[in-house]
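# Coordinates in review
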Amino acid sequence: TVRRILTVAAAQLGPVARSDSRAHVVQRMLDLMQQASHHGCDLVVFPELALTTFFPRWYFEHQSEIDAFFEGEMPGPQTQPLFDAARELGIGFTLGYAELAHVDGRVRHFNTAITVHKNGHIVGKYRKIHLPGHAEHEPWRAFQHLEKRYFETGNLGFNVFRAFGGILGMAICNDRRWPETYRVMGLQGVEMILLGYHAPVHNPPAPEHDALSNFHNELVMQAGAYQNGSWVVGVAKAGTEEGVAQIGNSIIVAPSGEIVAACSTLGDELAIARCDIYETLQLNNTTFNFAKHREPQAYGLIVERKGAVPPPL
Ligand code: CDT
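Here's what I pulled together on the structure shown here. (Residues numbered from 1 in each chain as written. Predicted model: local features only at pLDDT ≥ 70, side-chain atom pairs only at ≥ 80, totals over all residues. Heavy atoms only, no water.)

## So, the side chain of Thr94
Under the convention used in this document: Helix numbering and strand numbering both begin at the N terminus, where a helix is a DSSP run of H or I of at least 4 residues and a strand a DSSP run of E of at least 2. Here, residues are in contact when the closest pair of their heavy atoms is within 4.5 Å.
Inspection of the secondary structure puts Thr94 in strand E3 (residues 92-103). With sequence-adjacent residues up to four places away left out, Thr94 is seen in contact with Leu43, Val44, Val45, Phe46, Ile114, Thr115, Met170 and Leu194.

Structure, rendered in structure tokens:
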């Protein structure tokens, strides 16, 4: 039995006010990296859009107001200390941020996550694919969720990468509710999925689910982990931010689907687990041996029939 232990910290962040500077937030993150380093962690996972308040809750008329929440370079002057700390402490990190990219002379906006290795180099990048919410101002809502207005759909797919002795992948918030997210990476042999989120307790169009927020959060990540034999590290930006309550419930889920570490507050907090990457193989060689037991040629028939009236039995 070859054990491959990756000690990982879900680095939950409490609320970030609109008036908080990047420097202030980065200092909180550096404190968490320092603590994680004392506990022997290899990797610290921060939430979605970690560097600022969750700005899609407001409708802004001017693009310059929106762009103020975006990073034009990574690392930039404000985020360089995180990269320096990675090198000095010998600890990697995953960071979610709003990315302003210049591609072929065009300015593009993405909700992005990167993973940085212990040497301070970026080893993985992901741009959020499932953007929730709406594109137009909807004043009837208590608060907006304008991700569909402020971001473009990610264009990097769900790619996996080798780092920290395993096959890693990333996803962001609403992605976690979709089985495709885990499956697309599962089919590429993913062993650990790093997933930051930012989930208001109240969803104005579906308030009947408010009381189920934590249940759904755990349900999707536990199912995604088990059905694909992968570790999942889910990390919240939690607590009441600018008057909007957000779930915490940051968890580390084993390939068995069991929660092995969890945050218990709604503030800055680490949940740490020693993750044995070998456990993914145990499941992937037995119950979820895809090569042996999946039947994609049979699913094809069902996909072709989608939308059509099924033939009589
Ligand atoms: N940030 C993010 O993706 N949040 C969504 C809220 C959905 S309700 C508009 C989530 O899936 O948690």
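## Some remarks on the site of the ligand
Put simply, the rule is: Nearness of a residue to a molecule or strand requires only that one of the residue's heavy atoms be within 4 Å of it. N or O atoms closer than or at 3.5 Å make up a polar contact, with two conditions inside protein: a donor-capable atom paired with an acceptor-capable one, and, for residues adjacent in sequence, both atoms drawn from side chains. We get accessible surface area from the Shrake-Rupley algorithm with a probe of 1.4 Å; when it comes to residues, only the shown protein chains can shield them. In this count, Pro and Cys sit with the nonpolar residues alongside Ala, Val, Leu, Ile, Met, Phe, Trp and Tyr, while Asp, Glu, Lys and Arg are called charged and the others, Gly among them, polar.
Lining the immediate environment of the ligand, one finds 13 residues, of which Glu48, Lys128, Cys173, Asn174 and Arg177 sit closest. At 3.1 Å, a side-chain N or O of Glu147 approaches a nitrogen atom of the ligand. Coverage of the ligand by the protein chains reaches 91% of its 360 Å² of free accessible surface. Of the residues that constitute the shell around the ligand, the class distribution is four nonpolar, four polar and five charged.

## Remarks on a nonpolar patch on the surface
Rules: For patch detection, residues must exceed 30% relative accessible area and be free of salt bridges, and they are connected within 9 Å for like charges or within 5 Å for nonpolar side chains (Val, Leu, Ile, Met, Phe, Trp, Tyr). A carboxyl oxygen of Asp or Glu within 4 Å of a side-chain nitrogen of Lys or Arg is what we treat as a salt bridge.
Where nonpolar side chains cluster on the molecular surface, the patch consists of Leu212, Phe215 and Leu219 and spans about 270 Å² of accessible area. By the element assignment, Leu212 lies in the loop between strand E8 (192-197) and helix H6 (213-228).

## Topic: the sheet that holds strand E1 (residues 5-12)
The condition that has to hold: At least two bridges found by DSSP between two strands are what make those strands a pair. Only C-alpha atoms enter the line fits that serve as axes; for helices the fit covers just the stretch in contact. Angles between N-to-C directions range over 0 to 180 degrees.
Read from one edge to the other, the open sheet built from six strands follows the order E5-E4-E3-E2-E1-E14, with strand pairing classed as mixed. Bordering the open sheet on either side are strand E5 (122-127) and strand E14 (269-276), each of which pairs with just one other strand. The mean inter-strand angle of the sheet, taken between neighbouring strand axes irrespective of direction, is 35°. The sheet contact formed by E3 and strand E4 (residues 106-116) spans 11 bridges and is antiparallel. Paired with Leu100 across the strands is His109, a residue of E4.

## Some remarks on the packing of aromatic side chains
Put simply, the rule reads: Ring pairs shown here join Phe, Tyr and Trp side chains whose ring centres sit within 6.5 Å, with only the six-membered ring taken for Trp; geometry is labelled stacked below 30 degrees between planes, edge-to-face above 60, and tilted in between. Residue burial is assigned from relative accessible area. The probe radius is 1.4 Å, only protein chains are included, and a residue is buried under 20% of its type maximum, exposed over 50%, and partly exposed in between. Only lysine NZ and arginine CZ atoms are considered, and such an atom sits over a ring when it is within 6 Å of the ring centre and within 35 degrees of the ring normal.
Counted under the stated rule, the structure contains 11 aromatic pairs. Ring centres of Phe55 and Phe69 lie 4.7 Å apart, and the angle between their planes is 10°; this geometry places the pair in the stacked category. Pair noted here: Phe55 is in the loop between strand E2 (43-45) and helix H2 (63-67) and Phe69 is in the loop between H2 and helix H3 (80-89), with a separation of 14 residues, a long-range link. An identical accessibility class is assigned to Phe55 and Phe69; each is buried. Through a chain of ring-to-ring contacts, the aromatic side chains of Phe55, Trp58, Phe60, Phe69, Phe70, Tyr150 and Phe151 assemble into a single cluster. Across the ring face of Trp58, the terminal group of Arg57 is positioned such that the distance to the ring centre comes to 5.2 Å.

## Concerning the state of the cysteines
Convention followed: Two cysteine sulfur atoms form a disulfide, by the criterion used here, when they sit within 2.5 Å.
Within the structure shown, the criterion is met by zero disulfides. In this model Cys41 remains outside any disulfide bridge; the closest cysteine sulfur is found in Cys275, 9.4 Å from its own. Taking relative accessible area as the criterion, Cys41 reaches 5% and is therefore assigned buried.

## Section: the pattern of salt bridges
Evaluated as defined, the whole model comprises 15 salt bridges. Between Glu99 and Lys125 there is a salt bridge, and its shortest N-O distance comes to 2.7 Å. One end of the pair, Glu99, is in strand E3; the other, Lys125, is in strand E5, and 26 residues separate them in sequence. You can call Glu99 buried: its relative accessible area is 5%. Overall, the relative accessible area of 37% leaves Lys125 in the partly exposed class. Salt bridges sharing common partners tie together Glu48, Lys128 and Glu147.

## Examining the packing of helix H1 (residues 22-38) against H3
A pair of packed helices can be characterised by two numbers: the angle between their axes and the separation between those axes. Operational definition: Any angle from 65 to 115 degrees is called roughly perpendicular, while one under 35 is roughly parallel, one over 145 is roughly antiparallel, and all others are oblique. Throughout, a crossing is termed right-handed when the near helix is turned clockwise from the far one, and left-handed when it is turned anticlockwise from it by less than a right angle.
At a closest axis distance of 10 Å, the pairing of H1 and H3 adopts a crossing angle of 10°. As judged from the angle between their axes, H1 and H3 are roughly parallel. Crossing hand, H1 versus H3: right-handed. Across from Val26, Met29, Leu30, Met33, Gln34 and Ser37 in H1, the residues of H3 making contact are Pro81, Leu82, Ala85, Ala86 and Leu89. Of the residues contributing to the contact of H1 with H3, the split by class is nine nonpolar, two polar and no charged.

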